[in-house]
Number of protein chains: 6
Amino acid sequence: MSERNPKDTIAVATHIVLPNDTNFHNNLFGGRLMSWIDIIASISARRHCNREVVTATINHLSFDKPIKLGDTVTLEAKVSRAFKSSMEIFVDVSVEDFLTGEKIKANEAITTFVAVDQHGRTIEVPKVVPETDEEIKRYGGALRRRQLSLILAKKMNPNEATELKALFFGEENID
Amino acid sequence: MSERNPKDTIAVATHIVLPNDTNFHNNLFGGRLMSWIDIIASISARRHCNREVVTATINHLSFDKPIKLGDTVTLEAKVSRAFKSSMEIFVDVSVEDFLTGEKIKANEAITTFVAVDQHGRTIEVPKVVPETDEEIKRYGGALRRRQLSLILAKKMNPNEATELKALFFGEENID
Amino acid sequence: MSERNPKDTIAVATHIVLPNDTNFHNNLFGGRLMSWIDIIASISARRHCNREVVTATINHLSFDKPIKLGDTVTLEAKVSRAFKSSMEIFVDVSVEDFLTGEKIKANEAITTFVAVDQHGRTIEVPKVVPETDEEIKRYGGALRRRQLSLILAKKMNPNEATELKALFFGEENID
Amino acid sequence: MSERNPKDTIAVATHIVLPNDTNFHNNLFGGRLMSWIDIIASISARRHCNREVVTATINHLSFDKPIKLGDTVTLEAKVSRAFKSSMEIFVDVSVEDFLTGEKIKANEAITTFVAVDQHGRTIEVPKVVPETDEEIKRYGGALRRRQLSLILAKKMNPNEATELKALFFGEENID
Amino acid sequence: MSERNPKDTIAVATHIVLPNDTNFHNNLFGGRLMSWIDIIASISARRHCNREVVTATINHLSFDKPIKLGDTVTLEAKVSRAFKSSMEIFVDVSVEDFLTGEKIKANEAITTFVAVDQHGRTIEVPKVVPETDEEIKRYGGALRRRQLSLILAKKMNPNEATELKALFFGEENID
Amino acid sequence: MSERNPKDTIAVATHIVLPNDTNFHNNLFGGRLMSWIDIIASISARRHCNREVVTATINHLSFDKPIKLGDTVTLEAKVSRAFKSSMEIFVDVSVEDFLTGEKIKANEAITTFVAVDQHGRTIEVPKVVPETDEEIKRYGGALRRRQLSLILAKKMNPNEATELKALFFGEENID
């Protein structure tokens, strides 16, 4: 099974926030953004493994600043690390001021997808070989985030999370 | 500012999975479930604080088993703990076999909402007074999950997360 | 075939009115409310008979007060009476003022669903045993409403509607 | 205030049933049909009174035969009678077999709309002058259906419904 | 294979522009109008050939004046000419001022559909026999527009477009 | 007013075809693709002129091969030429086989947008300076396509279309 660079898994989608996409504050409705994130992340995961994929976990998603009606919103998804049959994918969300062309990062989502065969059984995926500084940092943090996720889903005891425990005594950060 | 019991914040929505809600495996599309979660959690948060609320974070959401076309899906949201202006809300998702009436838990989401005034500024919310065993356990874990979330959002250094650190040496679980 | 109490068939869904759900007066669009009513009533009917169901009739639906953008809307469906293969379901719609928590009844819909097997043929459903005063009153009126519905659908001659005729001379009300 | 013939209020919409419009039996979802009915009826009502209108009542709607994915569906709405500020509108739904061109009537809905000014207050509408046999019959039955509707909404006592009572002793039919 | 008059292929749909259909200028969103055009044109094409049809080309569509939130919009589709297995369809879009009843033409779309059998293979369609002046004019221009379309799709060399070339030296107009 | 290169106006969106997006052949519904095209083209146009834009014309759109349920679809929009206040935008649509990663071009759309100020009045846009061979070819053909469009919209007499006439005697192609 071949290896793959994160840059080969990049998936991009740019949207305009229409009234159909808003909450009653005239901002992008959270549920709509989550839909967009789910789709673009699954495209990135399919590009990584060339198989069907299903959403496994939303590890983290923060809404840092409201996105307004009429804004141009770009989502960029990229696989940060692969485990046996699962892939961690970062989705960076940015908003573009069309009057100045300036792009501001608005949200960041961390999601996990699993590759499945036609019967829905999990199958192995290629390994990730990170290249840029950010890719290497995100690759390094993925194991800790995976342990966190297993603990949150009650599938791992905190005492077994050796990678994560180190975080609280060492120099490293979560991603 | 008054206190409130979790049971006063319960919000429920039952849906049927229509073709409009599916992915191409004929299962409930992840993005649609996230929309439903976002709406029902915000209703629970509004019931807690009687103010407008905005989505702040999806702390965790796992897709444990696929939900099928035609399934009856129930979401139940309940505030687990409130901090200054933010509220942690659990959304339990269950699927009902309409032939037997049996209900099976399918997903669990942990989200955070923030109360805002009419200008979008954060405002204080009532405290939560948990009553049942599960409510007390979720209340207890909320502080650790909050520290985790701040670390994931790079707004806290792991060394400062005293509550969370204790988790790796003590008896307690994440929730 | 077993009997069933109305309370076992209760189905609830709470929604927020988003711009996507409004007409151009910034009120909840009638067609959207009808969709919500149809879904929640069919869930109640499925809970009654543990079979697939199809919409047969909207017997009555009145829009008493406009529901506004941003309002919290709760639909509660409950089977009021079953005939051979059909079930009459009441859907009570209430609107909640999130600033005060006060709930006001906004609409009431009376619908009829039919249980079908996998070939779409009608099949028998359990009988209803009403318990509360309101359940007993609605149970009593169901036969008259059924006769009305058959007359409106030109499947019954007014002269044969003995139950209904009595209404115009007796003490009873339509529901 | 001028009078108007039903033919001047005809509004037509032809749709194709897409997957987006179906329930999980691959038939047209009841809630979608109701949305289509609500829109086309409101267009007919606007053509009658040249004012804004709001949905007041669904008096009757029966689903006589399932409408399938891919079917061509035509809705034709026409005002049958006007009262002070309200208009009764019939919506006839037919399905067209595109292989033969044959059209079959599938459903019939009876709805009531109310004309409102810019402040949402009810205002008077023109009278209806029926011309064809069917228009005259529907015009005649409208008063009885209105009494029925008021009784169902508990706004009229059955004893006062003189027009309706006559139905059970006379020769006339409900529409 | 029989012939058919354009009037036998007329398909009509009237819509109200809801918030769900708008862009952030509170006007009808272009993409939504295109959806409506695509559906009503395919109904007209199906009425012409009594077969399944698929969209082949949007030959021309101009947005002459903005259509506003709340406007009543009517689309009328009619087959103008048929070639071997393809049909050219005009869709005239008009907007109605509900206060005056006045209808103004807002857009015109020219589209081409192809008839297919159950395996997706193209099949022959009936010929068109135009009757009114406008139908005759549109029938005449269809061949030139077809050549244009083939040139735009790089399936024809401009030198072979004899009908079209004549246009630049003769008296005739494009439609 | 500054000039701009086509590469600065590129806008990309990748989608997965969900059941919600299909026609009843399980292929991407034409109207949905048109919505996607309209949005991505308007983003490209906004990037060119840093102003609000409105759809003016769909000059040409051909559906060459059906796009299937579950396919990964990428739209890439790029401004090809600007006139006084209008911009011609090409949207290239490709489909990706996720098993092999192979991308195949499926459609090509040519659209025109107009820049407007806050009162909806047209305003001037920057000129386009094409760089690649394809950009230069598309730039060259834009004037002929504009004349065609004006002729189709009956705003130009074929005799005045000097650029277009030359096409039928010279070496050049339409784009």
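Residues numbered from 1 in each chain as written. Chains lettered and ligands numbered in written order. Predicted model: local features only at pLDDT ≥ 70, side-chain atom pairs only at ≥ 80, totals over all residues. Heavy atoms only, no water.

Time to look at the interface of chain D and chain C. In this complex, chain D contributes 46 residues to the contact, which on the side of chain C involves 46 residues. Summed over both partners, the interface of chain D with chain C buries about 3700 Å², with 65% contributed by carbon and sulfur atoms. Taken together, the connections running from chain D to chain C amount to 0 salt bridges. The interface formed by chain D and chain C holds 8 residue pairs in polar contact (both at pLDDT 80 or more) in total. Those elements that provide at least two residues to the side of chain D that touches chain C are α1 (30-49), β3 (52-63), α2 (133-152) and α3 (162-167) of chain D. Top element by residues in the side of chain D that touches chain C is β3(D). It accounts for 12 residues. The class makeup of the residues in the side of chain D that touches chain C is 21 nonpolar, 13 polar and 12 charged. As paired elements, strand β3 (residues 52-63) of chain C and β3(D) share 4 bridges and run antiparallel to each other. Each residue of the ladder has a partner; that of C:I58, found in β3(D), is D:L61. (Contact = heavy atoms within 4.5 Å. Buried area = accessible area lost by both parts, 1.4 Å probe. Salt bridge = Lys/Arg side-chain N within 4 Å of Asp/Glu carboxyl O. Polar contact = N/O pair within 3.5 Å; in protein donor to acceptor, adjacent residues only side chain to side chain. Helix = DSSP H or I, 4+ residues; strand = E, 2+ residues; numbered from the N terminus. Nonpolar A, V, L, I, M, F, W, Y, C, P; charged D, E, K, R; others polar. Pairing = 2+ DSSP bridges.)

The transform that puts chain D on chain C rotates by 180° and translates by 0.0 Å along the axis, for an RMSD of 0.0 Å. Within this description, the copies of the chain are treated as partners about a two-fold rotation axis. Of the interface residues in chain D, 100% have counterparts in chain C that sit at the interface too, so the contact is made through matching surfaces. (Least-squares fit on C-alpha atoms with pLDDT ≥ 70 in both.)

Along the chain, A:E96 falls in strand β4 (residues 86-96). Ignoring sequence-local partners within four residues, the contact set of A:E96 consists of A:T72, A:T74, A:G101, A:E102, A:K103 and F:R47.

Moving on to the interface of chain B and chain C. Taken together, the 25 residues of chain B in the interface contact 25 residues of chain C. Both faces combined, the contact of chain B with chain C buries some 1900 Å², and carbon together with sulfur accounts for 53% of it. Between the two partners, chain B and chain C, sit 2 salt bridges. For B:R47, the salt bridge is made with C:E96, and the minimal N-O distance between the two is 2.6 Å. At the boundary of chain B and chain C, one finds 10 residue pairs in polar contact (both at pLDDT 80 or more). When residues of the side of chain B that touches chain C are traced back to their parent elements, those giving at least two are β1 (11-16), α1 (30-49) and β3 (72-82) of chain B. The element contributing the most residues to the side of chain B that touches chain C is α1(B), with 6 residues. When the residues that make up the side of chain B that touches chain C are grouped by side-chain class, the tally is 9 nonpolar, 9 polar and 7 charged.

Here the structure, examined in full by the defined rule, presents 0 aromatic pairs over all chains. Of note, A:R146 hangs over the ring of A:F83, and the distance from its end group to the ring centre comes to 4.6 Å. (Phe/Tyr/Trp six-rings, centres within 6.5 Å; stacked < 30°, edge-to-face > 60°. Lys NZ or Arg CZ within 6 Å of the ring centre and 35° of its normal.)

For the pair helix α1 (residues 30-49) of chain E and helix α1 (residues 30-49) of chain F, the least separation of the axes is 8 Å and the interaxial angle reads 160°. Our classification of the angle between α1(E) and α1(F) gives roughly antiparallel. When the axes of α1(E) and α1(F) are compared, the crossing they make is right-handed. Of the residues in α1(F), those touching α1(E) at E:G30, E:G31, E:R32, E:M34, E:S35 and E:D38 are F:G30, F:G31, F:R32, F:M34, F:S35 and F:D38. Split by residue class, the contact of α1(E) with α1(F) holds 2 nonpolar, 6 polar and 4 charged. (Axes fitted to C-alpha atoms, helices over the stretch in contact; angles between N-to-C directions. Parallel < 35°, antiparallel > 145°, perpendicular 65-115°, else oblique. Left-handed = near helix turned anticlockwise from the far one by under 90°.)

A few words now on the pairing of strand β2 (residues 11-16) of chain D. Residues and elements named next belong to chain D. Buried residues dominate β2, accounting for 5 of its 6 residues. Pairing between β2 and strand β4 (residues 72-82): 6 bridges, direction antiparallel. Looking across to β4, one finds that H15 is bridged to V73. (Buried < 20%, exposed > 50% of the residue type's maximum accessible area, 1.4 Å probe, protein only.)

Using the criterion set out here, one finds 72 salt bridges over all chains in the structure. Note that D:E135 is salt-bridged to D:K78, the shortest N-O span being 2.9 Å. Of this pair, D:E135 sits in helix α2 while D:K78 is found in strand β4, placing the two residues 57 residues apart along the sequence. As far as burial versus exposure is concerned, D:E135 and D:K78 are alike and both buried. Where E:E131 meets E:K7, a salt bridge forms, and the shortest distance between an N and an O atom there is 2.9 Å.

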